[in-house]
Amino acid sequence: MPLLAWADAAASVVFATGSPLVSGVDSVARPLLRGAELNAGDMINTADGQVQLRFADGASMSLKPATQFRIDAFRFVDRGNRASPGDGVVMSLIKGTLRTVSGLLGKEDHSQYKVGTSVATIGIRGTEYGATMDGSGLSVTTYRGRVEVCSEAGCQQIGPGETVWVYDRSAKPTLEPRTIGVPSLEMQPALPQAPAVNTPTPNMPSPSPNDLPGNRYQGPATYGK
């Protein structure tokens, strides 16, 4: 029987440029530096910089400038290169752009992985994808694998080279025809290593981490516009 190992942290910062900030459950913003560890409840504001994360399950994520992103809940027990029953991650893209390659969470049990936004949720089927949340809504593009985007009006699965748009939480996700057949793109290279220049800014809103009920996820919270 393999040894069980709890992840000490949800993710760590591989690279950081500019002046990104992070706030925890205490709502106090502090500089986000290379090598920092992130836990459930932490919210990142990339401000003028970019941040690349490595999650405990092997997932990688790049956050672009002007992005606000929160880790709502995280549980990972390594069972010899496999996630454990009851493991999972719930995250929120509040605004901005991310690109990610998924890890062990969600690889076998798709309900283990959710990213919430104000208009829809993102689920995976083992994948690489990018997402942008702005004033016009949510757009999600798949590069490898499959992604499922669900609003209150329904769900849409998209494969490599496809993009789906969600303009409102009550509108069904819309497939963008012109992206079909676009060749798969490689994950963007690691952000260049550079010392972060940190300028204090006002505190960010307090995060609202979702506790994991029992051993199963109930999905991410849906945030109002």
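Residues numbered from 1 in each chain as written. Predicted model: local features only at pLDDT ≥ 70, side-chain atom pairs only at ≥ 80, totals over all residues. Heavy atoms only, no water.

Caption draft 1: Looking closely at empty space enclosed by the protein. Taken as a whole and judged by the stated rule, the model has two cavities of 30 Å³ or more. Approximately 70 Å³ is the volume found for the largest cavity. As for the largest cavity, its lining consists of Phe 55, Asp 57, Ala 59, Met 61, Phe 74, Val 89, Met 91, Thr 100, Ser 102, Gly 103, Leu 105 and Tyr 113. The biggest single contributor to the lining of the largest cavity is strand S11 (residues 88-101), with three residues. Class assignment for the residues of the lining of the largest cavity results in eight nonpolar, three polar and one charged. (1 Å grid on protein atoms, 1.4 Å probe; cavity = no way out; pocket = protein on both sides within 12 Å on 5 of 7 lines; lining within 4 Å. Points joined across faces, edges and corners; volume = space filled by probe spheres on them. Helix = DSSP H or I, 4+ residues; strand = E, 2+ residues; numbered from the N terminus. Nonpolar A, V, L, I, M, F, W, Y, C, P; charged D, E, K, R; others polar.)

Caption draft 2: Examining the nonpolar core more closely. Counting 41 residues, the largest nonpolar core has Leu 38, Leu 53, Phe 55, Phe 69, Tyr 129, Leu 138 and Val 140 as its most contacted members. Considering every element that reaches this core, the biggest residue donor is S11, with four residues. (Core = buried A, V, L, I, M, F, W, Y, C linked by side-chain atoms within 4.5 Å. Buried < 20%, exposed > 50% of the residue type's maximum accessible area, 1.4 Å probe, protein only.)

Caption draft 3: Quick peek at the environment of Gly 24. Structurally, the position occupied by Gly 24 is in the loop between strand S3 (21-23) and strand S4 (29-31). The exposure class assigned to Gly 24 is buried, which follows from its relative accessible area of 4%. Separated by 15 residues in the primary sequence, Gly 24 and Asn 39 have C-alpha atoms spaced 8.2 Å apart.

Caption draft 4: Spatial organisation of unusual backbone geometry. In the Ramachandran plot, Ala 66 falls in the positive-phi region, its phi being about 60 degrees despite a non-glycine side chain. Among the secondary structure elements, Ala 66 is positioned in the loop between strand S8 (60-63) and strand S9 (68-75). With a phi close to 70 degrees, Asn 81 is a non-glycine residue in the positive phi region. As for its position among the elements, Asn 81 is in the loop between strand S10 (77-78) and S11.

Caption draft 5: Local environment of the state of the cysteines. Considering all chains together, one arrives at one disulfide under this definition. Put simply, Cys 150 and Cys 155 are joined by a disulfide, and their sulfur atoms are 2.0 Å apart. Between Cys 150 and Cys 155 the sulfur-sulfur dihedral comes to about 115 degrees; the bridge is accordingly right-handed. The class of Cys 150 is buried, set by a relative accessible area of 16%. (Disulfide = S-S within 2.5 Å.)

Everything listed is a geometric property; what it means functionally is a separate question.
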